[in-house]
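Coordinates in review
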Amino acid sequence: MATESPATRRVQVAEHPRLLKLKEMFNSKFGSIPKFYVRAPGRVNIIGEHIDYCGYSVLPMAVEQDVLIAVEPVKTYALQLANTNPLYPDFSTSANNIQIDKTKPLWHNYFLCGLKGIQEHFGLSNLTGMNCLVDGNIPPSSGLSSSSALVCCAGLVTLTVLGRNLSKLLAKYKSLQWDKVLRLEEVQAKLGISLEEMLLVTEDALHPEPYNPEEICRCLGISLEELRTQILSPNTQDVLIFKLYQRAKHVYSEAARVLQFKKICEEAPENMVQLLGELMNQSHMSCRDMYECSCPELDQLVDICRKFGAQGSRLTGAGWGGCTVSMVPADKLPSFLANVHKAYYQRSDGSLAPEKQSLFATKPGGALEIPASSCILR
C-alpha cells in the first residue's frame, strides 16, 4: 500500500496575514524571500491510546493549529534555522554533517531528525543548504504533537528541496515464532482470531494478579538473564511487577473501540454522537484503570468536561498524563469553554499558572501540505 504525497497548492501570500508576516520576518532575518512554505498540523488522538506500538490502529484528528516553515534553498551546504518565537535560539550547521545531541531536547533537534531521517532513508549525501524560518501555534507540551509536526515539516522541507515525494511501499508482515513476537497484534494475527476473542484468550491465559519476573520465566521456560537481555527493554529490566492481564485487556479492548468508532462514523446512526461519546468515555476508563496512564488532574478535568456538556471526554497525548479531548455540540461550546475554564483553571488554590493554561476549540484541520508561494510555479 502506498502513501499519498502531501498536497501542494498555490496561495496568494498577501491574502494570508500569517504567511505575509512570516515572509517579512524571513526577509528581515536572511535578507531574501522564501521560495516555498511547508505546513504540518498538530493532531489529537480521538480514540486509541497506547496501542499503536502494539500494532493496532488509532483514530487521530488533525487540528487547525500547525507548524509553518518558510524555506529558501541556498547554493552552499549551510543549514540555518530560526524561529519566530524568541524563546527558541537560532541554530546553524552543515547540511552534510548533522549531529543530534540526544541528551538535550533542543527545538532544532526535531528539525534535524526530520532532515536526517530523509537523508538516511534515501541514502543521500551532498545535501544542499537552506535557510528556514519556523513558526508554530500548537501549544507546546500539550499532547497535540507540536514536536511531531516540526519533524514532519522538516522531512517535507527536505523532500521538497530534493524534488522527491513520499510514495513508498509498506513491507508485508511475516509471521514470527513466539520468542520473536514483540507486539500484541502479532499474537492475534498468528492465532487468526478477532479482538473480542483475544479478550477471552486474555481472560483464560493471564491472571489479574501482577506477575513477578520469576513467574514469567517459569511460564516461558527461560532464565532471569534471558528475560532481562532478550525480552525486557533497558528501562524495564529492573521492574519487579508486571500487570500483564490489565495491559493486554486495555490494548485489545481499545483496539476494538477504534474499529467500533470507525464503523459508527461510516454508518452514521441517529444516535451517532451518543455512541461515539460512550466509546471515548470507555477509553478513558480503560486508560485510567487498566493502563494506568492517567493522573488525578486529568481525571478531574475529564469529569468537569462531561459535567458541562461534553458527549465524550478522555485523556490523550504525552504518553502519561497529557491533555483531554472532548466532543462538544457546537451550540454548547461557548458555555462549555467558560464553565470548564472557571471550574478547572480558576481553582481557589491558584496552583495553575496562566502560562500553563491551554483550553481551546478546534475542528478537523487540513493535512500535511506545501502552500506554494504565488510567485513560484510548482
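Please refer to the structure higher up on the page.
An account of the accompanying structure is given in this report. On a predicted model such as this, the values are computed, not experimentally measured, just so you know.

Of the positions making up helix α6 (residues 213-220), those classed as buried are P213, E215, I216 and C217. Looking at the buried positions of α6, the neighbouring elements they touch are α7 (224-231) and α8 (244-267). Capping the start of α6, N212 holds a side-chain oxygen 3.2 Å from the backbone nitrogen of E214, two or three residues further along. Just downstream of α6, G221 is the residue with a positive phi angle, here 70°.

Attention now goes to the nonpolar core. One broad rule of soluble globular proteins: the nonpolar side chains tend to lie buried together. Counting 56 residues, the largest nonpolar core has Y56, V67, I69, L79, F111, C132 and V157 as its most contacted members. For this core, the element with the most residues is α8, which contributes eight residues. By size, the runner-up hydrophobic cluster in this structure holds nine residues, among which are L22, L68, A82 and L133.

Turning to the layout of surface pockets, a few remarks are in order. Reported here for the second largest pocket is a volume of approximately 1,400 Å³. For the second largest pocket, the lining is made up of 46 residues, of which C323, T324, V325, S358 and F360 are closest to its centre. The element best represented in the lining of the second largest pocket is helix α11 (residues 333-345), accounting for six residues. In terms of residue class, the lining of the second largest pocket is made up of 33 nonpolar, eight polar and five charged.

This paragraph deals with the packing of helix α5 (residues 195-205) against α8. It is at 9 Å that the axes of α5 and α8 come closest, and there the two elements cross at 170°. Regarding the angle of α5 to α8, the classification is roughly antiparallel. Taking contact as the criterion, the partners of L195, E196, M198, L199, T202 and E203 in α5 are, on α8, Y245, A248, K249, Y252, S253, A255, A256, L259 and Q260. Here the contact of α5 with α8 is built from residues that sort into nine nonpolar, three polar and three charged.

Basis of the calculations
- Residues numbered from 1 in each chain as written.
- Predicted model: local features only at pLDDT ≥ 70, side-chain atom pairs only at ≥ 80, totals over all residues.
- Heavy atoms only, no water.
- Buried < 20%, exposed > 50% of the residue type's maximum accessible area, 1.4 Å probe, protein only.
- Helix = DSSP H or I, 4+ residues; strand = E, 2+ residues; numbered from the N terminus.
- Contact = heavy atoms within 4.5 Å.
- Polar contact = N/O pair within 3.5 Å; in protein donor to acceptor, adjacent residues only side chain to side chain.
- Core = buried A, V, L, I, M, F, W, Y, C linked by side-chain atoms within 4.5 Å.
- 1 Å grid on protein atoms, 1.4 Å probe; cavity = no way out; pocket = protein on both sides within 12 Å on 5 of 7 lines; lining within 4 Å.
- Points joined across faces, edges and corners; volume = space filled by probe spheres on them.
- Nonpolar A, V, L, I, M, F, W, Y, C, P; charged D, E, K, R; others polar.
- Axes fitted to C-alpha atoms, helices over the stretch in contact; angles between N-to-C directions.
- Parallel < 35°, antiparallel > 145°, perpendicular 65-115°, else oblique.

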